[in-house]
Amino acid sequence: MNVSLDAKHRLIRLACEVRKHAYAPYSNYLVGAALLTKEGAIFSGCNVENASYGLTCCAERVAIFKAVSEKALEWLAMAIVTKDGGAPCGACRQVMNEFNSDLLVLLGDEKGNLLREMTLKQLLPDAFGPYNLNLTHGLNATT
Ligand code: THU
């Protein structure tokens, strides 16, 4: 399904806003994410760090887990905003792949510029996923 330029900019703006809620006192690296579902709902998230560093959760996974916990499993696009348009970490790419290997990923900066866009397949080629475990849950059956 196509995502209009308007919708892309809206997602980036929302990711920019939620990035302000990031709890990142250790790294000071603020990240915001906004996930658009096929129904048009948007789930947002920011990174949440912890004094026990390994417990930190990335913004992308916060948004994804919020969506999944609301039974919103079909997604079109995710916008990710950092200071300068940084790309998502490997762990988040893997978690995205669980649900949609064709997810459109939009990268933006703190000024709200949409800098780059790519598919998850480009970010995570030859992925390991549900298909490898013979799970065909209908969302991501071919990866
Ligand atoms: N971080 C994210 O939120 N998303 C990513 O894709 C990369 C890293 C966060 C985790 C941590 O709070 C901070 O950025 C520095 O790694």
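As the structure is a computational prediction, the values presented were derived from the model and not from experiment.

Thresholds applied
- All residue numbers here refer to positions counted from 1 along the written sequence of the relevant chain.
- The model is predicted, so local features are restricted to residues of pLDDT at least 70 and side-chain atom pairs to those at 80 or more, both for listing and for counting; the totals for chains, interfaces and linings are taken over all residues.
- The side-chain quantities take in all heavy atoms of the structure and omit both hydrogens and water.
- Paired strands, as defined in this entry, are two strands with at least two bridges between them according to DSSP.
- In DSSP terms, a helix is any run of H or I states spanning at least four residues, a strand is any run of E spanning at least two, and both are numbered starting from the N terminus.
- Only C-alpha atoms enter the line fits that serve as axes; for helices the fit covers just the stretch in contact. Angles between N-to-C directions range over 0 to 180 degrees.
- Note on definitions: a residue-residue contact is assigned when non-hydrogen atoms from the two residues lie within 4.5 Å.
- Here a residue is near a molecule or strand as soon as one of its heavy atoms is found within 4 Å of it.
- For the purposes of these results, a polar contact is taken to be a pair of N or O atoms within 3.5 Å, where, inside protein, one atom must be able to donate a hydrogen and its partner to accept one; residues adjacent in sequence count only when each atom of the pair is a side-chain atom.
- Shrake-Rupley sampling with a 1.4 Å probe provides the accessible areas, and residues are treated as covered by the protein chains on show and by no other component.
- UniProt positions are given in the numbering used here, feature names are shortened, and annotations may be inferred rather than shown by experiment.

**Some words on the sheet that holds strand β4 (residues 104–108)**
Across the sheet, five strands lie side by side as β2-β1-β3-β4-β5; this open sheet has mixed pairing. This sheet does not close on itself; its edge strands, each paired only once, are β2 (42–46) and β5 (114–119). Ignoring which end each strand starts from, the neighbouring axes of this sheet average 15 degrees apart. Note that strand β3 (residues 75–81) and β4 share five bridges and pair parallel. From the neighbouring strand, Met78 faces β4, where its bridge partner is Val105. Each of β1 (32–37), β2 and β3 is contacted by helix α2 (residues 59–69), which is oriented at about 140 degrees to β2, the strand it contacts most.

**Examining the site of the ligand**
Near the ligand the following residues occur: Ser27, Tyr29, Val31, Asn47, Glu49, Thr56, Cys58, Ala59, Glu60, Pro88 and Cys89. A distance of 2.9 Å is found between an oxygen atom of the ligand and a side-chain nitrogen or oxygen belonging to Asn47. One of the side-chain nitrogen or oxygen atoms of Glu60 is found 2.7 Å away from an oxygen atom of the ligand. Coverage of the ligand by the protein amounts to 78% of the 370 Å² it exposes when considered alone.

**Regarding the UniProt feature "active site" (unreviewed entry) in the protein chain**
Sequence positions flagged by UniProt for "active site" (unreviewed entry) are, in local numbering, Glu60. Among the secondary structure elements, Glu60 is positioned in helix α2. Beyond its immediate chain neighbours, meaning those up to four positions away, Glu60 contacts Val31, Ala33, Met78, Ile80, Pro88, Cys89, Cys92 and Met96.

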